[in-house]
Amino acid sequence: MNYIRSLLFSILILSIASIVWAADDPAIAGKKLAQQMDDVDNSVDSISSGVMTITRDGKILTRSFDLFTKQIKPNKEEERVLFVFNEPAEVKGITYLEWTYQGTDKDDDLWVYLPSESMTRRISGSSMFSSFMRSDLANEDLKNMDDVEEYTYEIQGSETVDGKDCYILTRTAIKQKDTQYSRQVQWVRKDNLLREKIEYYDKKNKLLKTMYFLTCDKIDGIWTTTKLKIDKADGTSSTVVDWSKIQYNVGLKDQDFEQSRLHR
Amino acid sequence: MNKVGFIDNPKLSAIINITIGLKKSWPRLIRLWLLIAIFISLNSAAAALADSSDKVAESVKLGRYAQSERKRTLDFNWSAWLETTIRQSTYSHKPISMRQRIWAETSIKSKGPLSAFVSGYVEGDFSVFTRYSYEKFGTAAFNEAYLTIDTSRLDFILGLQQIRWGEADSMSAADVINPIDYRDPLATARSNQRLSVVAADVRADLGFGLLDLVIVPWPRFSSLPKSGSPWEPKALRYLRQADKAGIIVTREGQKARHTQLGARFKLFRQGFDLAFIYFRGYEHAPRFSLGFDQSVMAPAATASYDTYETYALSAAVSLFNSTLRAEAAYKSNYPFQSSLISVEKRDDFQVVAGWDKNFFTNLIIQAQGFYFRYSGAEVWGVDRERYGISFNLENKFFNEALRSGVRGVYYLTSHDYCLELFNEYDFDDHLKFKIGYMLLGGKDDGDIGQYDKNDHVYAGIKYYF
């Protein structure tokens, strides 16, 4: 009897230990944090406008665009995004339609409408390494901001940045060949789970650029970044993105994200 | 006898004149003024309507989605640019073109389902003064002018427009609606210029696919190069010379009257797009048949426009971070021009397959193969099989300000080729430069080889206002 009691006690102790260990595992805790960050935006759809100001070589380049998003399936399994460019004149009317799928099993679908050629074309995902409209943002930065399943995570501690208490969260892409970064180090505010800054490291583990999340606001009950800045590590270039006219849950329809929308 | 051949026939020119709606008999200045006036009127009307709502807050353009926030009756925007391009022959050391162009476009979106788009240009080519030619110096034309009625499941696009079907990067077998503009046929070494057509495009979103039904009530035909143009085809030049010498009469045949019809059903699925295409319409370039004109007792080469049908399949597949593109077309009763000055109708089979992929950050490689073959008896002067490759290799430098590359097309059957080295530099958002070299060669009477003396360097500046 004593033997059975001892065995049960040992199992109990081991179970408690494993639960405690799991909770303290930086990888599990990191993914949980990433999931919580992703859940901050629980909207079904959104509309917004962005103005991107790029300062480089003493010149200022300006791009403006409208952005529409919609969750097609629950739990963000499938999201659709429509980008419509308004400025500069050369790219006005160019529209990107993207169907993104959570996880690494399915490749995303991407189409571009080129008004100068009156043509809609499917394009391949490998251009994700290219910069987004000559800015310091890469296409993959925009695409992969919230795709939790495509990364592994690790919490590396806490730090105060500009007076805000932050987690330090490192994320690493599962498919390394699909990214130009070896890792991204994110500082995540503990109060609203928005990012405060991100450092991007290249495949040689050298700092490539830093993204600063400058302002945020609670819009329609959702904490939202409204201004961010990207500085190249070599100091040659910087990009500021100002978001405005942000609205959530406006009732966009699925067909607003079909190819029939790709025209002037 | 027509002195300069049928292409200079004022009746035909009136049909194909790109200044749609503006009578050619009107003085050039009046046509130019009308074009500018239409632009200004559209802009002013839109601005007036927009400003009438100034009591409400400025709202940003969010398409038709953010209607709850929108306070303006109309969203209006416009853009314009100035372009100057010089193409200098490396063979004759004379300019092939010195085109100066002002381009303007405006779009107007209403609060409801209506929107409109108008684009047009005024241009002058100073190179026409450097050669004996029937080319015009100036042109004022609408490029596109259409109205869109945009509902949730059904869209109507009505007016002068470009409708580009098919998936291929170049040498498309399915892109058959808009005529090629032969006045300046090579936009790049692997693409050509197209003319817009007046059409009604009804686009239905069926949920499981997209159905396009297109009606082109008044056929529009390719603008052929004028006599003396560097791009005048050799066969046409000989015909015009024979006409001038009184050896032969060239004349216009029966005018084309049939409405052109097209339909496309396109499926968009995860990983691939697939389209089924049908088009019944004209070969937009004229074909000549030799006969005898008893009224002048001389041989006559009569130009005609013949219809044919296209059944095509096009597909684009995303695979391993690249895109595979393919088209297969069956062109029934396609009119071939034989070198015996006759029109020979044959069934033509066309297959195009290509692949494009980004490497590293900005290196783009596009490669495409094509194979065309007609059935039936041999057509004189036309290879039964035509096949070859086209390609594009480009990269971006200096923070993507400079785009440089090489692109071209090569016919393995006739050894015709066009090769272009190109560089495009964006100084800022307004000022762009381009410089390049285009090399042409092949068979003396080949589609490209006949222009082998048109090798040229080019330089251009574009300024966006």
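Since we're looking at a predicted model, the values are computed, not measured.

1. Regarding the overall build of chain A
Point 1. Helix and strand content of chain A: three helices and 13 strands.
Point 2. Put simply, chain A has 264 residues, and 53% of those count as buried.
Point 3. Summed over all atoms, the accessible surface of chain A reaches about 12,200 Å², with 54% contributed by carbon and sulfur.

2. Points about the overall build of chain B
Point 1. Within chain B, the regular secondary structure consists of three helices and 23 strands.
Point 2. Counting across all 465 residues of chain B, residues that qualify as buried make up 52%.
Point 3. Sequence separation of at least 24 residues holds for 57% of the intrachain contacts in chain B that already meet a minimum separation of 6.

3. A few points about the sheet that holds strand β10 (residues 249-252) of chain B
Backbone hydrogen bonds hold the strands of a sheet together, and the pairing may be parallel or antiparallel.
All names here are of chain B.
Point 1. The strand order across the open sheet formed by three strands is β10-β14-β13, and the pairing between neighbours is mixed. With one partner strand each, in any of the chains shown, β10 and β13 (287-293) form the two edges of the open sheet. Averaged over all pairs of adjacent strands, the angle between strand axes in this sheet comes to 30°, irrespective of strand direction.
Point 2. Sheet topology places β10 next to strand β14 (residues 298-304); four bridges connect them, and they run parallel. Counted as the bridge partner of Arg251 is Thr302 from β14.

4. Quick notes on the interface of chain A and chain B
Point 1. At the junction of the two partners, chain A supplies 55 residues and chain B supplies 62 residues.
Point 2. Taken over both partners, the interface formed by chain A and chain B buries close to 4,800 Å², and the fraction arising from carbon and sulfur atoms is 43%.
Point 3. In terms of surface lost to chain B, no three residues of chain A exceed Arg122(A), Arg134(A) and Arg264(A), which account for 16% of the buried area on that side.
Point 4. The interface formed by chain A and chain B holds six salt bridges in total.
Point 5. Across the salt bridge formed by Arg261(A) and Asp150(B), the nearest N and O atoms sit 2.9 Å from each other.
Point 6. Put simply, chain A and chain B have 24 residue pairs in polar contact (both at pLDDT 80 or more) between them.
Point 7. Elements represented by at least two residues in the side of chain A that touches chain B include exactly β1 (45-56), β2 (59-73), β3 (78-87), β4 (95-101), β5 (109-114), β6 (119-122) and β13 (237-248) of chain A.
Point 8. The element contributing the most residues to the side of chain A that touches chain B is β2(A), with seven residues.

5. Quick word on a nonpolar patch on the surface
Point 1. Side chains of Trp78(B), Leu82(B), Ile102(B), Tyr463(B) and Phe465(B) sit close together on the surface and give an oily, nonpolar patch of about 520 Å² of accessible area.
Point 2. Positionally, Phe465(B) belongs in the segment after β23 (456-464).

6. Some details on empty space enclosed by the protein
Point 1. Within the structure shown, the criterion is met by four cavities of 30 Å³ or more.
Point 2. Tyr113(A), Ser118(A), Leu262(A), His263(A) and Arg203(B) are the residues nearest the centre of the second largest cavity, which is lined by 25 residues in total.
Point 3. The set of elements that each furnish at least two residues to the lining of the second largest cavity consists of β6 of chain A together with β4 (138-150), β5 (154-161), β8 (197-205), β9 (210-216) and β11 (260-269) of chain B.
Point 4. Taken together, the residues of the lining of the second largest cavity break down into nine nonpolar, eight polar and eight charged.

7. Section: unusual backbone geometry
Residue and element names in this part refer to chain A.
Point 1. Geometrically, the link from Glu87 to Pro88 is a cis peptide bond, its omega value of -5° lying close to zero.
Point 2. A positive phi angle, near 50°, is found at Asp57, a position not held by glycine.
Point 3. Among the structural elements, Asp57 can be located in the loop between β1 and β2.
Point 4. Residue class for Asp57 comes out exposed when judged on its relative accessible area of 60%.
Point 5. At Asn205, a residue that is not glycine, the phi angle is positive and equals roughly 65°.
Point 6. By relative accessible area, which is 44% here, Asn205 ends up partly exposed.

8. Looking at the pattern of salt bridges
Point 1. Under the criterion given, the structure shown has 49 salt bridges over all chains.
Point 2. Asp254(A) is the partner of Lys70(A) in a salt bridge, and the nearest nitrogen-oxygen pair spans 3.7 Å. Within this pair, whereas Lys70(A) is found in strand β2, its partner Asp254(A) is found in the segment after β13, the two being separated by 184 residues in sequence.
Point 3. When its relative accessible area of 9% is taken as the criterion, Lys70(A) is described as buried.
Point 4. Arg237(B) is the salt-bridge partner of Glu232(B), the closest N and O atoms lying 3.8 Å from each other.
Point 5. Residue class for Glu232(B) comes out buried when judged on its relative accessible area of 3%.
Point 6. Within this structure, Arg121(A), Glu167(B), Asp169(B), Lys266(B), Arg325(B) and Asp356(B) form a network of salt bridges that share partners.

9. Examining the packing of aromatic side chains
A ring pair, where both rings are aromatic, is described by two values, the distance of the centres and the angle of the planes.
All names here are of chain B.
Point 1. Following the criterion strictly, the structure yields 35 aromatic pairs over all chains and no others.
Point 2. Between the aromatic rings of Phe126 and Phe129, the centroid separation amounts to 6.5 Å while the plane-to-plane angle is 55°, which identifies the pairing as tilted.
Point 3. In this structure Phe129 comes out as exposed when scored by relative accessible area, which is 58%.
Point 4. Geometrically, the ring pair formed by Phe208 and Phe265 is tilted, given 5.9 Å between the ring centres and 55° between the ring planes.

10. Here we look at the environment of Gly30(A)
All names here are of chain A.
Point 1. Secondary-structure assignment places Gly30 in helix α2 (residues 26-40).
Point 2. Sequence separation between Gly30 and Tyr153 is 123 residues; the distance between their C-alpha atoms is 4.9 Å.
Point 3. Those residues in contact with Gly30 that lie beyond four places of it in its chain are Tyr153, Ile155 and Leu169.

11. A word on α2(A)
Point 1. Over its 15 residues, α2(A) runs 21 Å from end to end, which matches the ideal 21 Å to within 8%, given 1.5 Å per residue.
Point 2. The inward-facing, buried residues of α2(A) contact β7 (151-161), β8 (164-173), β9 (181-189), β10 (195-202) and β12 (222-232) of chain A.

12. Looking at the pairing of strand β1 (residues 74-89) of chain B
Residues and elements named next belong to chain B.
Point 1. Pairing geometry for β1 and strand β2 (residues 95-110), over 15 bridges, is antiparallel. If you follow Phe76 over to β2, its bridge partner there is Ile108.
Point 2. When β1 meets β23, the two strands line up antiparallel, connected through nine bridges. Paired with Leu82 across the strands is Tyr463, a residue of β23.

Parameters and conventions
Residues numbered from 1 in each chain as written. Chains lettered and ligands numbered in written order. Predicted model: local features only at pLDDT ≥ 70, side-chain atom pairs only at ≥ 80, totals over all residues. Heavy atoms only, no water. Helix = DSSP H or I, 4+ residues; strand = E, 2+ residues; numbered from the N terminus. Buried < 20%, exposed > 50% of the residue type's maximum accessible area, 1.4 Å probe, protein only. Areas by Shrake-Rupley, 256 points an atom, 1.4 Å probe, with all protein chains shown as cover. Contact = heavy atoms within 4.5 Å. Pairing = 2+ DSSP bridges. Axes fitted to C-alpha atoms, helices over the stretch in contact; angles between N-to-C directions. Buried area = accessible area lost by both parts, 1.4 Å probe. Salt bridge = Lys/Arg side-chain N within 4 Å of Asp/Glu carboxyl O. Polar contact = N/O pair within 3.5 Å; in protein donor to acceptor, adjacent residues only side chain to side chain. Patch = residues over 30% accessible without salt bridge, like charges linked within 9 Å, V, L, I, M, F, W, Y side chains within 5 Å. 1 Å grid on protein atoms, 1.4 Å probe; cavity = no way out; pocket = protein on both sides within 12 Å on 5 of 7 lines; lining within 4 Å. Points joined across faces, edges and corners; volume = space filled by probe spheres on them. Nonpolar A, V, L, I, M, F, W, Y, C, P; charged D, E, K, R; others polar. Phe/Tyr/Trp six-rings, centres within 6.5 Å; stacked < 30°, edge-to-face > 60°. Expected span 1.5 Å × (residues − 1).

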